[in-house]
Each structure stands twice: as C-alpha cells, then as structure tokens.
Amino acid sequence: MATYLNVFWSFLSHYKYLIVVVVGVAIVGVLDENSFLQRIKYEMQISELQDEIDEFTARYETDSRQLRQLKQDPKAIEKIARERYFMKCDDEDIFVLSTDMEKKGGQHEGAH
C-alpha cells in the first residue's frame, strides 16, 4: 500500500503544474458560472434578442408611418376600412375575389 502511495505522490510532484493548469482550464472553461460555454450561450441569446429588437423597431416605424398618414389624410382611413374590413358606402356593392383554390387529389376543385 505504501508503494502505491509513493508512486501517486511522485506522479503528483512530477506533473503538479500540468495538473493545476488542466484543472484551472476545466473550471474556467466548463464548470464556472462565467465559463466559456455560458459566454457562448449568452452571445447566442444576445443575438436572438437583437433580432427581436430589429423586428420590433421595423414594426414600430411602419406603424408610426401609417399613423401619421391616418392623421394627415382622411381618405387613408376610408381606404383601410374598405380594404381590411370590407366596409362600403350605401350605394356600393362589394365583390371579394379570391385566388385561393383548394386542391383535391392534385386537381383543382372544379376540374373532375
């Protein structure tokens, strides 16, 4: 038993600096809360959040432009009411045309 202990201590004393470096890199690289793996995860999260910020900024600019247009031009309100909500004046008729056709078995609905 004493020989195994002597071999172990001689191994530790011979490679002590290498062991300390390997353990230190393992702690900093993987185990620590500020590790490289956590840093990569945080960078990916930052990238995703930046994409969301860009998307919301673009949506905000579009909505702001549309709101300015609605405040300045009363015809714009009428246009939106007609296009989105199918509203009409009393003397008008509305025809909704759709290009959507359901396919059944690779054929159009009317072509049996």
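As shown above, the structure is provided for reference.
Residues numbered from 1 in each chain as written. Predicted model: local features only at pLDDT ≥ 70, side-chain atom pairs only at ≥ 80, totals over all residues. Heavy atoms only, no water.

Re the overall build of the protein
No. 1: Across its full length, the protein carries 4 helices and 2 strands.
No. 2: Ordering the α and β elements of the protein from the N terminus gives α-α-α-α-β-β.
No. 3: Across the 112 residues in the protein, those meeting the buried criterion constitute 5%.
No. 4: For the protein, the accessible area works out to roughly 11000 Å², and carbon and sulfur atoms hold 60% of it. (Helix = DSSP H or I, 4+ residues; strand = E, 2+ residues; numbered from the N terminus. Buried < 20%, exposed > 50% of the residue type's maximum accessible area, 1.4 Å probe, protein only. Areas by Shrake-Rupley, 256 points an atom, 1.4 Å probe, with all protein chains shown as cover.)

Topic: the pattern of salt bridges
No. 1: For the structure on display, the rule yields 1 salt bridge.
No. 2: Across the salt bridge formed by Arg59 and Glu55, the nearest N and O atoms sit 3.2 Å from each other. Highlighted residues: Arg59 and Glu55, both in helix 3 (residues 36–72), separated by 4 residues, approximately one helical turn.
No. 3: Accessibility expressed as a relative area gives 44% for Arg59, which makes it partly exposed. (Salt bridge = Lys/Arg side-chain N within 4 Å of Asp/Glu carboxyl O.)

What to know about the packing of aromatic side chains
No. 1: Enumeration according to the criterion identifies 2 aromatic pairs in this entry.
No. 2: When the ring of Phe8 is compared with that of Trp9, the centres are 6.1 Å apart and the planes differ by 65 degrees; the resulting orientation is edge-to-face.
No. 3: A relative accessible area of 44% means that Phe8 is categorised as partly exposed.
No. 4: Between Phe11 and Tyr15 the ring centres are 5.1 Å apart and the planes differ by 55 degrees, which places this aromatic pair in the tilted class.
No. 5: Residue classification places Tyr15 among the partly exposed positions, given a relative accessible area of 35%. (Phe/Tyr/Trp six-rings, centres within 6.5 Å; stacked < 30°, edge-to-face > 60°.)

Description of the packing of helix 3 against helix 4 (residues 74–85)
No. 1: Packing of helix 3 against helix 4 brings their axes to within 5 Å, and their N-to-C directions diverge by 115 degrees. Of helix 4, the residues touching helix 3 (which contributes Gln66, Gln69, Leu70 and Gln72) are Pro74, Ala76, Ile77, Ile80 and Arg84.
No. 2: Its residues placed into classes, the contact of helix 3 with helix 4 shows 5 nonpolar, 3 polar and 1 charged. (Axes fitted to C-alpha atoms, helices over the stretch in contact; angles between N-to-C directions. Contact = heavy atoms within 4.5 Å. Nonpolar A, V, L, I, M, F, W, Y, C, P; charged D, E, K, R; others polar.)

Notes on the environment of Gly29
No. 1: Its place among the elements puts Gly29 in helix 2 (residues 16–31).
No. 2: Judged by its relative accessible area of 12%, Gly29 is buried.
No. 3: Between the alpha carbons of Gly29 and Arg39 there is a distance of 9.7 Å; along the sequence they are 10 residues apart.
No. 4: The contacts of Gly29, once residues within four sequence positions are left out, are Ser35, Phe36 and Leu37.

These figures come from the coordinates and say nothing about function on their own.
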